[in-house]
Amino acid sequence: MGRGSLRIYLGAAPGVGKTVAMLDEAHRRLERGTDVVVGYVETHGRAHTAALAEGLEVLPRRTVEHRGSRLTELDVDAVLARRPEVVLVDELAHTNVGGGSGHEKRWQDVEQILDAGIDVISTVNIQHLESLNDVVESITGIRQQETVPDEVVRRADQVQLVDMSPEALRRRMAHGNIYGPDRVDAALSNYFRIGNLSALREIALLWLADRVDEALERYRADQGIHEPWPARERVVVALTGGAGSETLLRRGARIATRAAGGDLIACHVRSAEGLASTDPAVLTRLRRLARDLGAEFHDVAGNDVAEAILDHARGVNATQIVVGVSRRGRWQQTLRPSIASEVADGSGDIDVHLVPHEGSKVGRRRSRATGLPIRRVVAGLLLAVVALVALTGVLVATREGHTLSLDLLLYLALTVVCALVGGIWPALFCAVVGSLVVNWFFTEPRGTLTISDPPNALALAVFVLVAMAVSSVVNVAARRTEQAISAERESTALAAMSRDLLAEPRPLPALLDRARSDLGMRAAVLTEAHDNRPPTVVASTDPHLQPGSELPTDHGWALDVTVDDGVHLLLDGPPVAAEDQRVVNAYAAHAAILHGREQLVRTAREAAGLARDNAARTTLLAAVSHDLRTPLASIKAGVSTLRQSGLDLPAEDEAELLESVEESADRLDALIGNLLDLSRLETGAVRAHHHSIDLLDAVVSTVRTTSDPRRVEVDLETDLPLVRTDLGLLDRVLANVVENALRHSGDADVRITAGRIGDTVQLRVIDRGPGVSDADKERIFAAFQRVGDAPQGDGLGLGLAVARGLMTVLGGSLAPEDTPGGGLTMVVELPLTPTPPPGRGDGDHHVGDGITSTDRTAHETAQEEDA
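All values reported here derive from a predicted model rather than from experimental measurement. Each chain has its residues counted from 1, following the order in which its sequence is written. Since the coordinates come from a predicted model, pLDDT governs what is reported: local features require at least 70, and pairs of side-chain atoms require 80 or more to be given and counted, while whole-chain, interface and lining totals use all residues. Side-chain numbers come from the whole structure's heavy atoms, not from hydrogens or water.

> Outline the sheet that holds strand β11 (residues 296–301), supporting the account with residue identities and numerical values.
At least two DSSP bridges between two strands are required for those strands to pair. Secondary structure elements are defined from DSSP: runs of H or I of at least 4 residues count as helices, runs of E of at least 2 residues count as strands, and each element is numbered from the N terminus. Strand order across the open sheet formed by five strands is β11-β10-β9-β12-β13, with parallel pairing between neighbours. Both edges of this open sheet fall to β11 and β13 (351–355), since each of them pairs with a single strand only. Between one strand axis and the next, the sheet turns through 25 degrees on average, direction left out of account. Strand direction decides the pairing type here: strand β9 (residues 234–239) and strand β12 (residues 320–324), joined by three bridges, are parallel. Residue Val235 lies in a different strand from β12, and its bridge partner there is Gln320. Sheet contacts for helix α10 (residues 245–257): β9, β10 (263–270), β12 and β13; angle to β9, the most-contacted strand, approximately 175 degrees. Helix-sheet contacts for helix α12 (residues 305–315) involve β9, β10, β11 and β12, and the interaxial angle to β10 is about 150 degrees. Convention adopted: a line fitted to C-alpha atoms gives each axis, helices being fitted over their contacting stretch, and angles between N-to-C directions are expressed from 0 to 180 degrees. Only heavy atoms matter for contacts: two residues are in contact if any of them lie within 4.5 Å across the pair.

> Could you give me a rundown of helix α1 (residues 18–31), with the residues and numbers involved?
Helix length check: α1 (14 residues) gives 20 Å between terminal C-alpha atoms against 20 Å at 1.5 Å per residue, within 8%. Within the span of α1, buried status applies to Lys18, Thr19, Val20, Ala21, Met22, Leu23, Glu25, Ala26 and Arg29. Those residues of α1 hidden inside the fold are in contact with β1 (6–11), β2 (36–40), α2 (47–53), β6 (86–89), β7 (119–125) and β8 (158–162). Once α1 ends, the next one or two residues include Gly33, with phi positive near 95 degrees. A helix's residues, less one, multiplied by 1.5 Å, set its expected span. Throughout this description, buried means an accessible area under 20% of the type-specific maximum (1.4 Å probe, protein chains only), exposed means over 50%, and partly exposed covers the range between.

> Give a description of the environment of Met164 that names residues and reports values.
Looking at the element boundaries, Met164 is found in the loop between β8 and α7 (166–174). For Met164, a relative accessible area of 23% puts it in the partly exposed group. As for Met164 and Leu197, which are separated by 33 residues in sequence, their C-alpha atoms are 9.6 Å apart. What Met164 contacts, discounting residues up to four positions off in sequence, is Val16, Leu169, Arg172 and Arg201.

> An account of a negative patch on the surface is needed here, citing residue identities and associated values.
A patch is a set of surface residues, each over 30% in relative accessible area and not in a salt bridge, joined within 9 Å for like charges and within 5 Å for the nonpolar side chains Val, Leu, Ile, Met, Phe, Trp and Tyr. Computed with a 1.4 Å probe, the accessible areas rest on the Shrake-Rupley method; for each residue, only the protein chains presented here act as cover. For this analysis, a salt bridge means a side-chain nitrogen from Lys or Arg found within 4 Å of a carboxyl oxygen belonging to Asp or Glu. Positive residues here are Lys and Arg, negative ones are Asp and Glu, while His and the chain termini are left out of the count. Lysine's charge is taken at NZ, arginine's at CZ, aspartate's at CG and glutamate's at CD. On the surface, Glu652, Asp653, Glu656, Glu659, Glu662, Glu663, Asp666 and Asp669 cluster together to form a negatively charged patch. Residue placement: Glu659 occurs in helix α22 (residues 651–683).

> Provide a residue-level description of unusual backbone geometry, including the pertinent values.
A positive phi angle is found at His44, which is not glycine, with a value near 55 degrees. Assignment of secondary structure puts His44 in the loop between β2 and α2. Its identity is not glycine, yet Arg83 carries a phi of approximately 45 degrees, on the positive side. If you trace the backbone, Arg83 turns up in the loop between α3 (76–82) and β6. On the basis of relative accessible area, Arg83 is assigned to the partly exposed category, the value being 43%.

> Outline a nonpolar patch on the surface, listing residues and values.
Among the surface-exposed residues, Leu381, Val385, Val386, Val389 and Phe429 lie close enough to one another that they form a single nonpolar patch of about 430 Å² accessible area. A total of four residues in the nonpolar patch trace back to one element, the largest contributor, which is helix α15 (residues 374–397). Within the element layout of this structure, Val386 appears in helix α15.

> I'd like to hear about the pattern of salt bridges, residue by residue, with values.
Taken as a whole and assessed by the stated rule, the structure comprises 26 salt bridges. Arg82 is the partner of Asp35 in a salt bridge, and the nearest nitrogen-oxygen pair spans 2.9 Å. Placement of the pair is Asp35 in the loop between α1 and β2 and Arg82 in helix α3, with a sequence separation of 47 residues. The exposure class of Arg82 is partly exposed, given its relative accessible area of 28%. As a salt-bridge pair, Arg751 and Asp715 come within 3.0 Å of each other at their nearest N and O atoms. Pair noted here: Arg751 is in strand β21 (residues 750–757) and Asp715 is in strand β19 (residues 712–716), with a separation of 36 residues, a long-range link. Within the structure, one salt-bridge network assembled from shared partners comprises Arg3, Glu111, Asp115 and Arg155.

> With reference to specific residues and values, describe the packing of α7 against helix α8 (residues 181–189).
Across the interface, α7 lies against α8 with an axial gap of 9 Å and an inter-helix angle of 155 degrees. Viewed along their axes, α7 and α8 adopt a mutual orientation that is roughly antiparallel. In contact with Arg170, Met173 and Ala174 of α7, α8 contributes Val184, Ala187 and Leu188. Each angle receives one of four descriptions, namely roughly parallel if under 35 degrees, roughly antiparallel if over 145, roughly perpendicular if within 65 to 115, and oblique otherwise.

> Tell me about the side chain of Asp726, residues and numbers included.
Relative to the helices and strands, Asp726 resides in the loop between β20 (723–725) and α24 (727–744). By relative accessible area, Asp726 is classed as buried at 10%. Apart from the residues within four sequence positions on either side, Asp726 is in contact with Arg687, Ala688, His689, His690, His691 and Leu810.

> Mind laying out the confidence of the model for the protein, listing which residues take part and the relevant values?
Caution applies to low-pLDDT regions: their predicted coordinates should not be interpreted in detail. Taken over all residues, the pLDDT of the protein has a mean of 78, while the share at 70 or more is 79%. pLDDT is a per-residue confidence score from the predictor, ranging from 0 to 100. Here helix α26 (residues 856–866) is the element of the protein with the lowest mean pLDDT, 35, and β6 is the one with the highest, 95. pLDDT under 50 marks residues 361–370. Its contacts with residues more than four places away, or in other chains, come to 25 contacts.

> Residue-level account of the environment of Asp719, with values.
For Asp719, the location among the structural elements is in the loop between β19 and β20. When the C-alpha positions of Asp719 and Gly755 are compared, they lie 8.9 Å apart, and in sequence the two are 36 residues distant.

> Go over the state of the cysteines with me, naming the residues and quoting the values.
By definition, a disulfide links two cysteine residues through a covalent bond between their sulfur atoms. Two cysteine sulfur atoms form a disulfide, by the criterion used here, when they sit within 2.5 Å. Per the stated rule, a full pass over the model turns up zero disulfides. Cys430 provides the cysteine sulfur closest to Cys418, a residue in no disulfide bond, and the two sulfurs are 4.0 Å apart.

> Which residues make up the packing of aromatic side chains, and what values go with them?
Paired rings are identified among Phe, Tyr and Trp, the last through its six-membered ring, by centres lying within 6.5 Å, and are further divided according to the angle between planes into stacked (under 30 degrees), edge-to-face (over 60) and tilted (the rest). In total, this model carries two aromatic pairs according to the counting rule given. For the pair Tyr179 and Phe192, a centre-to-centre distance of 5.9 Å together with 85 degrees between the ring planes defines the contact as edge-to-face. Of this pair, Tyr179 sits in the loop between α7 and α8 while Phe192 is found in the loop between α8 and α9 (194–222), placing the two residues 13 residues apart along the sequence. Residue classification places Tyr179 among the buried positions, given a relative accessible area of 19%. Classification of Phe192 as buried rests on a relative accessible area of 2%.

Okay, here's the thing in structure tokens:
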């Protein structure tokens, strides 16, 4: 009897549909005639899940007593007695209660069922994997108590990811499809936040991708497949430990990061005899750099370095190899190919990147005086020697069948061919040697260099002159052709550079990096100096020269090109050839354009900032002229009425007028306070004095001072720790946020909740008003903005702007979220105090008609003050 197969539905978070997918699979198998039973399925009270379980045979569960409650667990004995083909077992990471099955964990029950030859379909969430427990806790602030070893899930025959976007999962939560209505708000504001769900989803996808990669490697090994399959970009960087190894490793990291999910592997090859060829300190430094870049470091041995690199690359299924350009000269490479050349020749389907570095002998090729590469000159000389010997041999063998004029024309034609191949020097050699050969073999008296017939001497002289003239013309034409081709290459490169720079988010550093690479330089720096001040770095390819730093005065530069008034392009490296000066000037011109554009962008931003400031001042004057005049007019009217002589007002009317004056004065005080707070925030004059406070006391104290405390319900967790903040500034923040919620919630109450998230406490002010669109969520924090307010709405629109500014000073944050079911939730996040919080009594704290607070006396006092 063989072992049963295990299929697992993996989810990133609760509610994505793992159990539903498992039940759907059970129905599909049942329709195909498979014997499927339900061993344990947890519906969590969800009607849709329970409906899917109908029509399936459900085995009885084992009942256990636990702390006075009767609980049910998977009955392994019932499963083994029934012996179905497939059994459904939900929640693989569950911890058994009571120990009736003999196992502590449910996954151990599943192992026993699998050993009995029964197939199992199960479910698990990514946060329950043992290796990811710490990672999930750092993201969500919650440590999972129930875990399952990774090896159990990795051994599964099939693992299927049940995926759902964070937004869709939150909508399911808000609609009540996952938890009950009483748990929705807390779940959405804690575990089911967008950031948490996105991070968990990415972890699940990456974990499953690694498992798929392992399965692919096993398949390739079982099938004897050695050719790389580019299922994922995997970059191997070949390191020798010499100069430039760190450059190669960083270049490989940049290549790997361009492909999402790309892997980087550093491969150091040592001698198979075990002889150390690299300084151990260098290897340690490379290992540390590889770790910092997120790369694996592999140390392999082999007699043939190139073959060892290729074997290792094929073994890890690499798609790209990064190897440095050889440090040997051209003549040395002619005698023995370089490692880079051998790797490129034997790479097959693997892409090879040849990267220059500080130890390689690379640079722009320098042209010789002939305007032709040295290989063409050598080829022309060899052609002249071989062709002269061959032509002379043929003519000597057929001496009687031709005349001197034909001989001269044949040697002239050979001279022209040598000029076309190798330029003027091979042509001149061919002309002179050809004239001597004609004189020796074909001019009377033969066998000597004397000429008896004057016309023959004249013919030879004319031959030499014509050969030299033709050679010169052909050489000039060849040089012009080479120059035209070179100019075309340069113009194409510059056009491509201009096109690529348009797509670069930071074009100036990209331009300098390209100039450094194309010109074979070590570094390229753009500096700026004005008003007799030392030059400062604008952009640089040298990591030691950061933008804004002062340029060292003791550094010698290979080239200093003036880009603009006070702006210079500096190049560090070998001397620049004269023919490369056009390229340097082109880079300087591009640098001038890009530097000027950046200056224009900065100027435009400054102008836009000034325009915003002017608009803000104009808005301030307009708002102040209306919103300050209104309470002043109300105060003046009330006071004038009370001061009228002979006017006998009833006591109720007099009290009403005094109340109106007091409300207007309070309103005026709040407006002026917000204006002063905004001014202090803009000038940086606000300083926070942090100390540990009880958040409940701070919230209750603030709510009492609001315009309508009876409409505010405070529902804080009973075990909240102390927070470290400035009580006075926090009171201003909460007052502005709560007043804003009361103003926009209509007749509905405002609810305040709080909970601990990691090392912070989140305070949530929830209203049931019309809410704010996503496009306006940041606008509401701008000064003098009243998004969605009616035109007659009071206030300068400073409350939320001041609140966010004060939260920044406090080291916290203020952010808006949609309230499930409609409305806006303001989330105030505060850091915890570093000291352990003291204990506090139990009970919920409310301010309003439904208060069940332990602080009843304080509430009754607030009611008396309101009366």
